[in-house]
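Structural features, examined
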2 protein chains.
Amino acid sequence: MSSTNEQPKNSIQADGVQPISTQTNGFTFNHTMLRVKDPKKSLAFYTGVLGMTLLERKKFPDMGFDLYFLAKLTDEERDNLPAGEDLAIYAFRQRGILELTHNYGTEDKDDFSYHDGNAEPQGFGHICFSVPDLDAAVKWFDDNNVTFKKRPEDGNMKNIAFIKDVDGYWIEIVQAGLMG
Amino acid sequence: MSSTNEQPKNSIQADGVQPISTQTNGFTFNHTMLRVKDPKKSLAFYTGVLGMTLLERKKFPDMGFDLYFLAKLTDEERDNLPAGEDLAIYAFRQRGILELTHNYGTEDKDDFSYHDGNAEPQGFGHICFSVPDLDAAVKWFDDNNVTFKKRPEDGNMKNIAFIKDVDGYWIEIVQAGLMG
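Quick caveat, the model's predicted, so the values are computed rather than measured.

Note on the chain copies: they are related by a rotation about an axis and a translation along it. When chain B is fitted to chain A, the residual RMSD is 0.0 Å, and the transformation amounts to a turn of 180° plus an axial shift of 0.0 Å. When the rotation and shift are considered jointly, the pair of chain copies conforms to a two-fold rotation axis. Every residue of chain B has its C-alpha some distance from the rotation axis, and the shortest such distance is that of Gly 96 of chain B, at 2.4 Å. A shared interface surface links the copies, since 100% of the contact residues of chain B are contact residues in chain A too.

Shown next, in the form of structure tokens:
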């Protein structure tokens, strides 16, 4: 039986917003999937530069692709990761998972690249990481030779940076405490 | 000063994976941004059908766009939402936020649509919600006349469904407990 709850009193009102059905209890916004040309380079970037952890890899050799599931974990979460099949189930219960899809062979094609969604035709725009200290994060990205789409000092929005991952996907960088 | 920690022992090994630098402490995979044609319809879908809550709206009338930030919260989280500016800061500290961008006027253009990333040129693929009970979720989506890209019984992967949001973006639906 379905029933609904009003949206919480502190949430934002806007045209279109509906009450929350109890049928959605336990729904979790789990992951976002991006296709990547060369998983070795992407994994180096997302683990080495953004500090993520690989929680699951699913190989589909008959269909010619592999899937990689990553999360940016806290120290406590890293110390308490379950093992084996439980880790895969854990991964699908989390929020904030990044799934990378590798279609075999793209890494060997010189003229191959994926579409970032910001050139035409537009759709998807970016993913975003919030950081404790924007200036320190910018220095870290510079130290790692990361490409910037927008440095904090560029344009009107001084509290926001955009870097690019190895496929050119845009990654917004914000300091949560400055976003109030 | 930078230092690194080995990836946790239960995480997955793969070519390219790097140790985790302490410079990434506190980094949080916060949100994914999708452009939407008509925010009223998108908000109805993401709140009414997927049970999300609108945490922040940023209006940029001079630049002709608005931003909406949504999360699928637990009952406990909904009961404890901070108010005012603290809610915006809260939103940027979470994982699993969906940002919807509305460029003014698209909702009035009959022939306008966004690119889903799965037709050519490819890049972004989908977002995913995990659910406690896949069969119950499918029934809920049917009751709400949601369009399916793939029902669970279609194709080889019986544990996975794909629905489409009102712009045609693909949303994978999985039952976490079946993914081990």
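Structure shown, so let's carry the discussion forward.
This part covers the sheet that holds strand S8 (residues 148-150) of chain B. The eight strands are arranged S4(A)-S5(A)-S6(A)-S3(A)-S7(B)-S10(B)-S9(B)-S8(B) in an open sheet whose pairing can be described as mixed. Lying at the two open borders of the sheet, with one neighbouring strand each, are strand S4 (53-60) of chain A together with S8 of chain B. Averaged over all adjacent pairs, the angle separating strand axes in this sheet is 25°, with direction ignored. Here seven bridges tie S4 of chain A to strand S5 (residues 65-71) of chain A, and the two strands are oriented antiparallel to one another. Residue pairing across strands places Phe 60 of chain A opposite Phe 65 of chain A, the latter belonging to S5 of chain A.

What follows covers the nonpolar core. One recurring pattern in soluble globular proteins is that nonpolar side chains are buried together. Ranked by internal contacts, the top residues of the largest apolar core, which has 68 residues, are Tyr 46, Phe 141 and Ile 173 of chain A together with Tyr 46, Phe 141 and Ile 173 of chain B. Leaving out residues up to four positions away in the same chain, Ile 173 of chain A has contacts with Phe 129, Val 131, Leu 134, Ala 137, Phe 141, Asn 159, Ile 160, Ala 161 and Ile 163 of chain A.

Turning our attention to the interface of chain B and chain A. Opposite the 95 residues of chain B that make contact, chain A presents 95 residues. Both sides of the chain B and chain A interface together cover about 7800 Å² of buried area, and 62% of this is carbon and sulfur. If you sort the residues of chain B by the area they bury against chain A, Phe 27, Phe 29 and Arg 95 of chain B come out on top, with a joint share of 11%. Our enumeration of links across chain B and chain A arrives at two salt bridges. Salt-bridge contacts for Glu 77 of chain B lead to Arg 95 of chain A; the nearest nitrogen and oxygen are separated by 2.8 Å. If you look at where chain B meets chain A, you find 50 residue pairs in polar contact (both at pLDDT 80 or more).

The subject of this paragraph is the environment of Leu 43 of chain B. Position of Leu 43 of chain B relative to the elements: it lies in helix H1 (residues 39-49). By relative accessible area, which is 1% here, Leu 43 of chain B ends up buried. Separated by 24 residues in sequence, Leu 43 of chain B and Leu 67 of chain B have C-alpha atoms that sit 12 Å apart. Setting aside anything within four residues of it in sequence, one finds Leu 43 of chain B in contact with Ala 14, Asp 15, Gly 16 and Val 17 of chain A together with Gly 48, Leu 54, Tyr 68 and Leu 70 of chain B.

The sites that UniProt annotates as "domain: VOC" (unreviewed entry) are residues 28-176 of chain A. Across residues 28-176 of chain A, helical content stands at 23% and strand content at 35%; the span's end C-alpha atoms are separated by 22 Å.

A full pass over the atoms with the stated rule returns 12 salt bridges over all chains. Across the pair Arg 151 of chain A and Glu 153 of chain A runs a salt bridge whose closest N-O atoms are separated by 3.4 Å. On the basis of relative accessible area, Arg 151 of chain A is assigned to the partly exposed category, the value being 26%. Arg 78 of chain B serves as the salt-bridge partner of Asp 75 of chain B, at 2.7 Å between the closest nitrogen and oxygen. Placement of both Asp 75 of chain B and Arg 78 of chain B in helix H2 (residues 75-79) is noted, with a separation of three residues, approximately one turn of the helix. Here the salt bridges share partners, and the residues they tie into one network are Asp 142, Arg 151 and Glu 153 of chain A.

What follows covers the environment of Gln 122 of chain B. Secondary-structure assignment places Gln 122 of chain B in the loop between strand S6 (97-103) and strand S7 (124-131). Exposure remark for Gln 122 of chain B: the relative accessible area of 22% places this residue in the partly exposed category. Residues within four places of Gln 122 of chain B in sequence aside, it is in contact with Arg 35, Tyr 114 and His 115 of chain A together with Gly 117 of chain B. Side-chain polar atoms of Gln 122 of chain B contact the backbone oxygen of Asn 118 of chain B, separated by 2.8 Å.

Rules and cut-offs
- Residues numbered from 1 in each chain as written.
- Chains lettered and ligands numbered in written order.
- Predicted model: local features only at pLDDT ≥ 70, side-chain atom pairs only at ≥ 80, totals over all residues.
- Heavy atoms only, no water.
- Least-squares fit on C-alpha atoms with pLDDT ≥ 70 in both.
- Contact = heavy atoms within 4.5 Å.
- Pairing = 2+ DSSP bridges.
- Helix = DSSP H or I, 4+ residues; strand = E, 2+ residues; numbered from the N terminus.
- Axes fitted to C-alpha atoms, helices over the stretch in contact; angles between N-to-C directions.
- Core = buried A, V, L, I, M, F, W, Y, C linked by side-chain atoms within 4.5 Å.
- Buried < 20%, exposed > 50% of the residue type's maximum accessible area, 1.4 Å probe, protein only.
- Buried area = accessible area lost by both parts, 1.4 Å probe.
- Salt bridge = Lys/Arg side-chain N within 4 Å of Asp/Glu carboxyl O.
- Polar contact = N/O pair within 3.5 Å; in protein donor to acceptor, adjacent residues only side chain to side chain.
- UniProt positions renumbered as here; feature names shortened; annotations may be inferred.

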